[in-house]
Amino acid sequence: MDEHIAAMCEQLIKAVNVTMDAESSQIYRLEALKFFEEFKEKSQLCVPCALRLADKAQPAVIRHFGLQVFEHVIKFRWNDMQQPEKIQVKDCTMQLLSNGTHSILAEETYIKDVLSRVVVEMIKREWPQNWPNMLKEMETLSSEGEAQTELVMLILLRLAEDVITFQTLPNQRRRDIQQTLSRNMDSIFSFLMSILHQNIEEYQKMKGSPQHEMKARAHCKVAVATLNTLAGYIDWVPLVYITSGNCRLLESLCLLLSEPDLQLEAAECLLIAISRKGKLEERKPFMLLFDDVAINYMLSAAQSADCSASSETQPIEMMERHYVFLKRLCQVLCALGTQLISLVGSDVKVNVPVNLSKYLEALLAFTTHSSLFLKSSTMATWTSMFKHETLSQQPVVVEVALKFLRTAISNLLKMGFPTRNDHPSCQYSRVDFDSDEDFRYFFSLFRAQLGENVRSASRLVPLEAFQMAATSLQYQLGNAAPLVDGRCSLFSTPLLEWDAVTVFVECVLSQMFHSLAEEKLPVDGGVELLQAVLSYNSQDPLIMSCVISNMSALFPFVKHRLQFLPRVLCKLFEVLTFEAVQENQEVKAPRTRGVNNVRRHSSCAIIKICRDFPQLILSYFDMFYNHVKTLFSNDARLTVLQKYALVESLVLISNEFKDFEKQKALLDELLASMMADWTSNATKLVLSSPAMFLSFVGADQAASEQHQEEDPVGTNRGRLGFCLSCMLAVVKRSRCPADPEAAKAAGFLVGHSPSGSPIYRNPCAPQFLAFLPNLLALIKTLNSLFAPENRAHLSENFTKVFDLTEGEKNVVLGLSQSVLDSYDTPAFKTNLERMQFFLTQLYDNCFQILGNAGVSLQQEFFDVDRLAEEISASVFFSLDHVPDYRLRPIIRFFLKQMVVSCPAKYNDSLLCPLLGPLFNYVLQRLNVKWQVILQRASVNGEEEEEVVVSQESQVTEEMLEEQLVRLLTRDILDFITACCISRKYPETAVKQEEIEEEDMMMDAPQASSTAAVTNELTELGKSLMKDENIYMTLLSFSFTSLSWRDATYCHRTASIICWTLLRPVVGCNLLPEAVSWFFVSVLKGLQMHGQHEVCYASLSLLAMQLYESLRGRYTDLRTVMTQIPNINIESLDMYDRGLLEPTAQKLSEKKRKEKFKKLIAGTVGKALCQQFRKEVHIRNLPSLYKKAKPDRDLLCSDETTGLTALFSQRE
């Protein structure tokens, strides 16, 4: 027998060496792996061979394989082994723990790990019932030396992780082990603390002595392992173990923060402990950490963070370890702050700590650290601190708010890119971020958080914050760093400083205007600052954009000094026509992106001022209007977007006329030339013919890439773009007064509806109704352009003009767009880009006009004669050729807006005739596309190895196509929801923190559940349901889409739409085939998406609702259920009896859900990583902790029931 074992071991060793040898061929390696698997599955020599291979005389790799075999035997053969064999395996394992390893410093980590796994696998199967002395054996083992103590720590840690954290056991075994751990927690915690203190003391005694260096390192390693094990238990044990003895454990951990070799593990333990939730009363002892000893250690570590971590004399590994420690310490401080914020001001009556100032200093030290991650980690705590009702009023918090504001500007500087070396934070960024794009995204989130905190701090000290903002801005205006060559790049110091100061000024001023009374505002200082900004000029568009932002932030001061309003407007109009001056340039160059951005910024600032302060602008309306007319007269100075902004601004001001006729007269004058051009016969011909339209905009002509002063087709495009943008501005902004009395007095009221609601007219209605016919003609033509016969008219330069631009593709795929140094590139690199932008804007504007018309004009739009037919003939024309990315604006900009704004009286005459054919078409279109995607996925799965690099572009196109289908599907879901579903949210006031942790741990899904949302049909939904064809289309769409490859869409459809649509007809006579189809569709959804927990919950609930509601009248549902793989027919019969028999005991909804989920378990799909995984079966043992049922036999009870007294004779 020994010879067989030796021979087999020799073969296994050779096979292991083959797999680990880099020179081995793939064929040999696969043969070796196949040999391993066959040996582990079939050989009877596994245990003796594993023991021989695990002998410590063998190389570490061979020992590791032997222990893996040992683990495999326990996991997959334990149930088939006899009791003597189990005892033998257990004894051999304990022997390996005792003397089967090298010293603690010499042994490989992976050997310790696999050996601990072997022991834990036995514990999971036998403890406590069949191995009651396990804990005592572990305690005895730990007395044999440091190596054994470390192994015991690893075993206890892995046991807690498997049972509590990962819960990799059947429920009964998990409960048995967890309850046994809980009952023995006193001894376990005492044991852990004893080991920890003993080894720390020994380590501190020996660490400075050269002759005891190895012994000190051994004790340190045991202490580290013990701290890691403590971290695995602190997360779930009762808080009393953590807070006992005046938080002695936490104070000890704080002391370890000064030990470089132990501080990281100590900080992780602290973090887990302080992050605990639970009842406030139980968390009150955490406030002891604000005592002198603990807080001083944390403050010392925090204040030395930046200098110690950035020391260039330390090895890289030490620097990275220390940086991780700083992250944990920062999180500890934030968690401690969370506890403080929860307790102070609550019912438990906790006083403000005396050492609060030291805590805030420590937190501020991390806020001023060079690492962006550490700064960001403190933001949420500052937010809660500055907004806390009690803490924010403390003088020490007010004082630190001033310090926080002083550091804010430097923190707002966008510096520290990982690819650069111009700031101390760059070295930290190289650890935290993979690329500049990652850094930029994270910095944008950080800046948003910091801006919110600047506003919160400014609320506490508004005047001091304004003084800081004024000082910083004055410095930039007078002493900013000089520009190189008169221009900035995105990394230029002057621009970065301007950008940071601008954000700071905006945050401070917005909060000051919101929180301070008018009489307390520093008007003189604000106006002086505004004058300085108005006097400043720069030839750099990026800096001028910052100037515009500061001017907008300071504009509210103009209310107190109206004489400055003309200067502000003149400055904005000046920047509106900003041009970058370039020397020695004879031919006018195209505008760069930077120039376009600053002009757009000025346009937005004008719109914002006219929207927020229309009464101020009204007093200077004539000046404003004359300036606009001057700009319009010089057509070349303005782009279409800038003209749109000016028209929008004028309409916003005109709303303050409060006079219908005056407002209408202005709109007539403003739109006169545009309407004449738009309604001309020539324009009508162009808009009605695809070929003429392409010729008119120049898409059928070969275009030169050279910039030309005169471009006729460019002028044509500008005319069309201006007409549409001008009408969009008018329709979007033209409104009657919000006050009913003012609207009536101004002549807007024209009558009342039968229900008594007022009916108003819009001044832009006549112009829009005249504009509408050609708009619909243009929409029809634009849809026709995608047809092959019209694409044939495109010139060679513009064959891809209908494709998505690169920027649009990145947005669809969720890819970041690089903006580095793009400020000085032309806005459009090619004529193709310019044409793509024009057509996209034209298409979007058409549907935005229609969508806003319903909101703005109401019945004046919906009363248009034959509106449904006109929309069908134009908007829905040639949809088969319209790509998905052009179908989305129809849904989002027009149809959804129209449905939301349309009065209910138009449901039957307008919306139902439009939506019925649309829903039918969309269902067919999306169903075909998802079938293609599903087939493509299955083919790619089979031929995955044949994919080559040359197919990368094809794969990208397929990804783009699939993502577009997914986005369109979600848009349709949102649209159907808007049409049919009204969601009602219940009022909930549950304090999640107050839920006891034991309940959360044992029954997490129930603890986290929220009150159900009620879904009901809207009035339009009820109208759609009246038409059987539309109703069946919606039902078909909803249930078919459950099995499309989009888990997010599936969850939302199953939880919101399906049952809401089906519920009204549950009591009607449905076809048995239809009922079966509905149920099968849900089961298909489970097969596709059941591996996702959220989808599983919503789909299983929908399936149960269907089954329980319809099972009584449709026996076909049982037939469907019997076809589910591995279903228990007896359980199904019991479930049916509970539903169908009136006398059957009714179970609670929770129990019915559990039973039904077990019935349909065979349909639930598995994730790919789970499909071929070998199942581990752990048998349940007789439970040790069954609750004794109370004796309910009243006849056998000695207790007095009270019945005798009830019927006794009254005295």
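All values derive from a computational prediction rather than experimental measurement.

A. Focus on the overall build of the protein chain. Summing up its helical and strand segments, the protein chain has 57 helices and four strands in all. Expressed as a percentage of its 1211 residues, the buried residues of the protein chain come to 49%. Only carbon and sulfur atoms are counted for the fraction: they give 51% of the accessible area of the protein chain, which is about 58,500 Å².

B. Looking closely at a nonpolar patch on the surface. A contiguous nonpolar surface patch, about 270 Å² in accessible area, is contributed by Met20, Val61 and Tyr110. Its location among the elements puts Val61 in helix H4 (residues 60-77). The partly exposed category is assigned to Val61, whose relative accessible area is 33%.

C. Local environment of the side chain of Ser472. With respect to the helices and strands, the residue Ser472 is situated in helix H23 (residues 462-479). Those residues in contact with Ser472, other than ones at most four positions away along the chain, are Ile409 and Val501.

D. Structural view of the environment of Val1013. Counting through the fold element by element, Val1013 comes out in the loop between helix H47 (1004-1007) and strand S4 (1014-1017). We classify Val1013 as partly exposed; its relative accessible area is 29%.

E. Broad picture of the pattern of salt bridges. Applying the stated criterion across every chain, the model contains 50 salt bridges. A salt bridge links Asp113 to Arg117, with the shortest nitrogen-to-oxygen separation between them at 2.6 Å. Taken together, the residues Asp113 and Arg117, both in helix H6 (residues 109-126) and four residues apart, mark about one turn of the helix. Between Glu1019 and Lys1022 there is a salt bridge, with its nearest N and O atoms 3.7 Å apart. One end of the pair, Glu1019, and the other, Lys1022, are both in helix H48 (residues 1019-1026), three residues apart, so they sit about a helical turn from each other. Residue classification places Lys1022 among the partly exposed positions, given a relative accessible area of 41%. Here the residues in one salt-bridge network are Glu121, Lys124, Arg125 and Asp162, joined through shared partners.

F. Layout of H6. Taking 1.5 Å as the rise per residue, H6 with 18 residues should run 26 Å; its terminal C-alpha atoms sit 26 Å apart, in good agreement. Buried residues dominate H6, accounting for 15 of its 18 residues.

G. Focus on the packing of aromatic side chains. Under the counting rule described, the total for this entry stands at 41 aromatic pairs. Relative to Trp236, the ring of Tyr233 lies with its centre 5.7 Å away and its plane at 35°, an arrangement referred to as tilted. Each member of the pair, Tyr233 as well as Trp236, carries the same accessibility label: buried. Here Phe1079 and Tyr1107 contribute two aromatic rings whose centre-to-centre distance is 5.8 Å and whose plane-to-plane angle is 35°, an arrangement assigned as tilted. Pair noted here: Phe1079 is in helix H51 (residues 1072-1089) and Tyr1107 is in helix H52 (residues 1093-1110), with a separation of 28 residues, a long-range link. Exposure class is identical for Phe1079 and Tyr1107. Each is buried. Taken together, Phe373, Phe417, Phe433, Phe439, Phe442, Phe443, Phe446 and Phe491 form an aromatic cluster joined through their ring pairs.

H. Focus on the environment of Glu497. Mapped onto the fold, Glu497 is located in helix H24 (residues 493-515). For the pair formed by Glu497 and Gln476, sequence separation is 21 residues and the distance between their alpha carbons is 7.8 Å.

I. Quick peek at the pairing of S4. Burial along S4 is one-sided: Asn1015 and Leu1017 are buried, while Thr1014 and Glu1016, pointing the other way, are not. Here strand S3 (residues 981-984) pairs with S4 via four bridges, running antiparallel. Looking across to S4, one finds that Ser982 is bridged to Glu1016.

J. Layout of unusual backbone geometry. Of note, the amide linkage connecting Trp127 to Pro128 takes the cis form, showing an omega dihedral of 5°. Counting through the fold element by element, Pro128 comes out in the loop between H6 and helix H7 (134-142). Despite not being glycine, Asn246 has its phi angle at roughly 55°, a positive value. Checked against the element boundaries, Asn246 lands in helix H12 (residues 239-255). Relative accessible area serves as the criterion here: at 59%, Asn246 is assigned to the exposed category.

The rules behind these values
Residues numbered from 1 in each chain as written. Predicted model: local features only at pLDDT ≥ 70, side-chain atom pairs only at ≥ 80, totals over all residues. Heavy atoms only, no water. Helix = DSSP H or I, 4+ residues; strand = E, 2+ residues; numbered from the N terminus. Buried < 20%, exposed > 50% of the residue type's maximum accessible area, 1.4 Å probe, protein only. Areas by Shrake-Rupley, 256 points an atom, 1.4 Å probe, with all protein chains shown as cover. Patch = residues over 30% accessible without salt bridge, like charges linked within 9 Å, V, L, I, M, F, W, Y side chains within 5 Å. Salt bridge = Lys/Arg side-chain N within 4 Å of Asp/Glu carboxyl O. Contact = heavy atoms within 4.5 Å. Expected span 1.5 Å × (residues − 1). Phe/Tyr/Trp six-rings, centres within 6.5 Å; stacked < 30°, edge-to-face > 60°. Pairing = 2+ DSSP bridges.

All quantities given are derived from atomic positions and should not be read as evidence of function.
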